[in-house]
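# Coordinate inspection notes
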Amino acid sequence: MSEPNAVTVDVVSDIVCPWCFIGQKRLDKAIAAVGDIAVHIRWRPFQLDPTIPPQGKNRHEYMLAKFGSDTRIREIHDRIEPLGEAEGISFAFDAIKVAANTLDAHRLIRWAGAAGEAVQNRLVRRLFQLNFEEGANIGDHGVLTEAAREAGMDASVVATLLPTDADVEAVRTEIATASRMGITGVPCFLLEDRYAVMGAQDADTLADAIRQVAAAKARGELEKVG
C-alpha cells in the first residue's frame, strides 16, 4: 500500500559512536513530533575505525593512543555525558573495556533489516545500550547473538552465520558507498535519498527536515529539495 505522506530515513551510523546514540534518541523525538507523517528508518553501516582487529583492542590503551592523555579523554567524556543524560542515556564510558571492530555488528544489523524495520530498530537500540550503558563487547559473537535473540531474530541462525564471511563484502561495499557520497562523519540522516542532515542535530531540526521532505514529496517536487 502506497504511503504518499511517508518519509524514509537512512541513518548512516556506527554502534561505537556516542553521537550516533544521541542522534538515535533525537530522531525518536523528531518522529514523535511529526506524528502525522509515517517515517521509515533503515540503518546503514559506517566504521569509525575499520583497522581495529576482529578481537578488538584494550579501550583505554586505544583511547590514550588516539587522544594523548587521560585528562583529554575525561574532557571528551565530560562533554558527552550530560548531552546523553538529556536524551535518557546513561553513558558508562569507564565500563567499556574493549574497543570493538563493528563489522560483525553491522552484518547483524543488515540481517535484522531483512527481518523487518521493527526488528532492526530494536536491535540497533539494544546494541547502543550494550556498548555504552553496559560496557559489553559488541564484537563478541555471544553478545551479538543474545542481542539478536532479544530483538526477535532467530539466534541459532545468527550464531551459525557470524563465524562465516556471510555479507562481509556487502557491508564493506555499503561503507565504501557512504564514503563516495562524501559521508566522512556520523550520524548522517539521509531523507528519501535526497536530503542529508549531518551530525546529531536536535530533534526540532530533524523534525523540520522530515516535514519539508514530506511536503516536497507530496507536491511531487522532491527533486527540488536539498
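Just so you know, these numbers come straight off a predicted model, no measurement behind them. (Residues numbered from 1 in each chain as written. Predicted model: local features only at pLDDT ≥ 70, side-chain atom pairs only at ≥ 80, totals over all residues. Heavy atoms only, no water.)

## Description of the overall build of the chain
The line we're drawing: Each helix is a run of DSSP H or I of at least 4 residues and each strand a run of E of at least 2, with the numbering of both proceeding from the N terminus. Radius of gyration means the value over C-alpha atoms here, while the globule rule gives 2.2 Å times the residue count to the 0.38 power. Buried means the residue's accessible area, taken with a 1.4 Å probe over protein chains only, is under 20% of the maximum for its type, while exposed means over 50%, and partly exposed covers the values in between. Contact criterion: two residues are considered in contact whenever any of their non-hydrogen atoms come within 4.5 Å of each other.
The helix and strand tally for the chain stands at nine helices and six strands. Against the compact-globule benchmark of 17 Å for 226 residues, the chain has a radius of gyration of 18 Å, which places it among compact chains. Expressed along its principal axes, the backbone C-alpha trace of the chain runs to roughly 55 × 40 × 30 Å. The buried share of the chain, reckoned over its 226 residues, is 47%. Long-range pairs, those at least 24 residues apart, make up 75% of the contacts in the chain with a sequence separation of at least 6.

## Section: the packing of helix H5 (residues 117-132) against helix H6 (residues 141-151)
Rules: Only the contacting stretch of a helix is used when fitting its axis, a line to C-alpha atoms as for every element, and angles between N-to-C directions run 0 to 180 degrees. We call two directions roughly parallel when the angle between them is under 35 degrees, roughly antiparallel when it is over 145, roughly perpendicular when it lies between 65 and 115, and oblique otherwise. Note on convention: the crossing is left-handed when the near helix lies turned anticlockwise from the far helix by less than a right angle, right-handed when the turn is clockwise. In this count, Pro and Cys sit with the nonpolar residues alongside Ala, Val, Leu, Ile, Met, Phe, Trp and Tyr, while Asp, Glu, Lys and Arg are called charged and the others, Gly among them, polar.
The geometry of H5 relative to H6 is characterised by a closest axis approach of 9 Å and an angle of 135° between their N-to-C directions. In terms of their interaxial angle, H5 and H6 are classed as oblique. Here H5 and H6 pass one another in a crossing that is right-handed. Residues Val119, Arg122, Leu123, Arg126, Leu127 and Leu130 of H5 touch H6, and the partners they reach there are Val143, Leu144, Ala147, Ala148, Glu150 and Ala151. When grouped by side-chain class, the residues that make up the contact of H5 with H6 number nine nonpolar, no polar and three charged.

## A closer look at the sheet that holds strand E1 (residues 6-13)
Quick note on the threshold: Whether two strands pair depends on DSSP finding at least two bridges between them.
Read from one edge of the open sheet, four strands run E2-E1-E5-E6, paired in mixed fashion. The outermost strands of the open sheet, each flanked by one partner alone, are strand E2 (38-45) and strand E6 (195-198). For this sheet, the mean inter-axis angle between neighbouring strands, taken without regard to orientation, is 20°. Bridge count for E1 against E2 is eight bridges, and the pairing is parallel. Across the sheet, the residue bridging to alanine 6 is alanine 38, located in E2. Sheet strands in contact with H5 are E1 and E2, and its direction is about 55° off that of E2.

## A short note on the environment of glycine 35
Its place among the elements puts glycine 35 in the loop between helix H1 (18-33) and E2. The sequence separation of glycine 35 and aspartate 154 amounts to 119 residues, and the corresponding C-alpha distance is 32 Å.

## Some points on the nonpolar core
This is how it is decided: Think of a nonpolar core as a cluster: buried Ala, Val, Leu, Ile, Met, Phe, Trp, Tyr and Cys residues, connected wherever their side-chain atoms sit within 4.5 Å.
In this structure, Leu123, Leu127, Met153, Leu191 and Ile210 are the most contacted members of the largest nonpolar core, which totals 63 residues. If near-sequence neighbours (up to four positions away) are discounted, isoleucine 210 is found in contact with Val7, Leu27, Ala30, Val34, Ile37, Val39 and Leu191. In this structure, Ile52, Tyr62, Met63 and Ala99 belong to the second largest nonpolar core, which totals five residues.

## Overview of the packing of aromatic side chains
What counts here: Put simply, two rings from Phe, Tyr or Trp (the six-membered ring, in Trp's case) pair if the centres are within 6.5 Å, and we call them stacked under 30 degrees between planes, edge-to-face over 60, tilted for the rest.
Counted according to the given criterion, the structure contains seven aromatic pairs. Note on phenylalanine 91 and phenylalanine 93: the rings are 4.9 Å apart at their centroids and 10° apart in plane angle, and the pair reads as stacked. With respect to class, phenylalanine 91 is no different from phenylalanine 93; both count as buried. Ring plane angle 90° and centroid distance 5.3 Å describe the contact between phenylalanine 91 and phenylalanine 132, whose orientation is recorded as edge-to-face. Here the residue phenylalanine 91 occupies a position in the loop between helix H3 (70-86) and strand E4 (98-99), and phenylalanine 132 occupies one in helix H5, the gap between them amounting to 41 residues.

## Quick notes on the side chain of arginine 107
Applied cut-off: Pairing of N or O atoms within 3.5 Å defines a polar contact, subject to two protein rules: one partner must be a possible hydrogen donor and the other a possible acceptor, and residues neighboring in sequence count only if both atoms are side-chain atoms.
Tracing the sequence through the fold places arginine 107 in helix H4 (residues 103-115). A polar atom in the side chain of arginine 107 sits 2.8 Å from the backbone oxygen of threonine 164.

The values reported here are purely geometric and, on their own, carry no functional implication.
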